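# Working through the structure, step by step
Okay, here's what each chain looks like letter by letter:
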Amino acid sequence: QFLRSLEPAERLSFAKTISSKRLLTRYIGSIQNTPGAETFLIGLTSDADRQVANAAVSQLGNMPSSETVKSTLHKIFDSDTNDLIRQNAVRSLLRMTNDTKLADALWKMPSYNDGFRQIALDWYAGNNHDSARALCLDILKNPPSEPVRVSAIRHLGTMKDRAGERKVYDALANIVKNEPSFGARTAAIGSLAAYGDKAAIPILRPFLKSSLVFFRQSSRRAMQQLGGNVD
C-alpha cells in the first residue's frame, strides 16, 4: 500500500535511504524508469552484497535499452564472478541486442545449472521456431544436461509441429508415458496441454490418480486446458 502511494521519483528517493540490505533487495524491483534510476541501479550492480547486486542487475534489465545499460550488462557478463548474476545480465543483454552471435556463444558455454545454454535456447525459441524446434528435438536425443533437456521439452509444446508432421507430439507423448524423470515428465504434461491436441487426453487421464500430487495437479490443469473431463 505504501509503495503504491509513491510516485516513481519518490520510490527512487526512498530507495536511497534504505540501509537494510535485505529490505533493499526486496525493494529494488519497485524502482521504475525515472531520472536517476539507471545510475542508481548501475551503482548497486557492484554492491558487496551479492543479493543486492543480483536484484539490481535484474531490474536494470527492465529499464529502457540504452548504450550505458548495454555496456554495463556486458561488463557484468564478462567480469562478474557470480554465475547467476552473469546469467541475469546476459539474458537482458540478449533481449536488448538480439545478437545471434551472442546466443551462439552462450550455447557453447558451461555454467551453473547450464544456465547459459538455457538462455540461448529461450532466445532461439523466441526468434526462429523452425531451427529451435529441430534443436529441441535433437536435445531430446542427445541432451547436454538435464536442465537443458527439460527446457527443450517446455519449449516444444508452444512451438508445436510443422504442418503434416507429428514429431513434437509423439516425442512429448512418449515422455509422458515412459519417462522416469519427474521434471521431464511434468514439463511434457504441460507441453502437451500447450500443444493443444485433444488426442493427448487419454494419455494424461491416468495421472489424475497418480500417487504424486504434482502429477495429479499438472495433469488436471492440462486436461482442463484441453477441454477434457476431470471428474
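Now for a description of the structure that goes with this document. Treat the numbers as computed from the prediction; the structure is a model and nothing was measured. (Residues numbered from 1 in each chain as written. Predicted model: local features only at pLDDT ≥ 70, side-chain atom pairs only at ≥ 80, totals over all residues. Heavy atoms only, no water.)

### Considering the overall build of the chain
On a plain count of helices and strands, the chain comes out with 14 helices and zero strands. Reading the chain from its N end, one meets helices and strands in the order α-α-α-α-α-α-α-α-α-α-α-α-α-α. Taken along its principal axes, the extent of the C-alpha atoms in the chain is 60 × 40 × 30 Å. With 231 residues in all, the chain has 48% of them scored as buried. Across the chain, contacts joining residues at least 24 apart in sequence account for 54% of those joining residues at least 6 apart. (Helix = DSSP H or I, 4+ residues; strand = E, 2+ residues; numbered from the N terminus. Buried < 20%, exposed > 50% of the residue type's maximum accessible area, 1.4 Å probe, protein only. Contact = heavy atoms within 4.5 Å.)

### Quick look at the side chain of Ser191
Structurally, Ser191 can be placed in helix H12 (residues 182-195). When near neighbours in sequence (up to four residues on either side) are disregarded, Ser191 contacts Ile153, Arg154, Gly157 and Leu172.

### Thoughts on unusual backbone geometry
The backbone phi angle of Asp114 is positive, close to 55°, even though this residue is not glycine. Positionally, Asp114 belongs in the loop between helix H7 (100-107) and helix H8 (115-127). Judged by relative accessible area, Asp114 falls into the buried class, the value being 7%. If you check the backbone angles, Lys160 has positive phi at about 60° while not being a glycine.

### So, the packing of helix H5 (residues 67-79) against helix H6 (residues 83-97)
Following both chains from N to C, one finds H5 and H6 inclined at 140°, their axes separated by 8 Å at the closest point. Taken together, the axes of H5 and H6 lie oblique to each other. At the point where H5 passes H6, the crossing takes the left-handed sense. Residues Val69, Lys70, Leu73, His74, Ile76 and Phe77 of H5 form the contact with H6, whose own contacting residues are Ile85, Arg86, Ala89, Val90, Ser92, Leu93, Met96 and Thr97. (Axes fitted to C-alpha atoms, helices over the stretch in contact; angles between N-to-C directions. Parallel < 35°, antiparallel > 145°, perpendicular 65-115°, else oblique. Left-handed = near helix turned anticlockwise from the far one by under 90°.)

### Side note on a nonpolar patch on the surface
Side chains of Phe182, Leu212, Val213 and Phe214 sit close together on the surface and give an oily, nonpolar patch of about 360 Å² of accessible area. Tracing the backbone through its elements, the reader meets Leu212 in the loop between helix H13 (201-204) and helix H14 (213-226). We classify Leu212 as partly exposed; its relative accessible area is 40%. (Patch = residues over 30% accessible without salt bridge, like charges linked within 9 Å, V, L, I, M, F, W, Y side chains within 5 Å. Areas by Shrake-Rupley, 256 points an atom, 1.4 Å probe, with all protein chains shown as cover. Salt bridge = Lys/Arg side-chain N within 4 Å of Asp/Glu carboxyl O.)

### So, the environment of Phe77
Along the polypeptide, Phe77 turns up in helix H5. With a relative accessible area of 4%, Phe77 lands in the buried category. Setting aside residues up to four positions removed in sequence, Phe77 forms contacts with Arg86, Ala89, Val90, Leu102, Leu106, Met109 and Phe116.

### Concerning H8
Note: α-helices contain 3.6 residues per turn, so residues at a spacing of three or four share the same orientation. In a regular helix each residue adds 1.5 Å, so 13 residues correspond to 18 Å; H8 covers 19 Å between its end C-alpha atoms and thus fits that length. Across the 13 residues of H8, ten count as buried, placing the element largely inside the fold. Residues of H8 that are buried: Gly115, Phe116, Arg117, Gln118, Ile119, Ala120, Leu121, Trp123, Tyr124 and Ala125. Packing partners of the buried residues in H8 comprise H5, H6, H7, helix H9 (129-141) and helix H10 (146-159). (Expected span 1.5 Å × (residues − 1).)

### A short note on the side chain of Ser151
Within the fold, Ser151 resides in helix H10. If we ignore the near neighbours within four places in the chain, the residues touching Ser151 are Gln118 and Leu121.

Nothing here speaks to function; it is all geometry.
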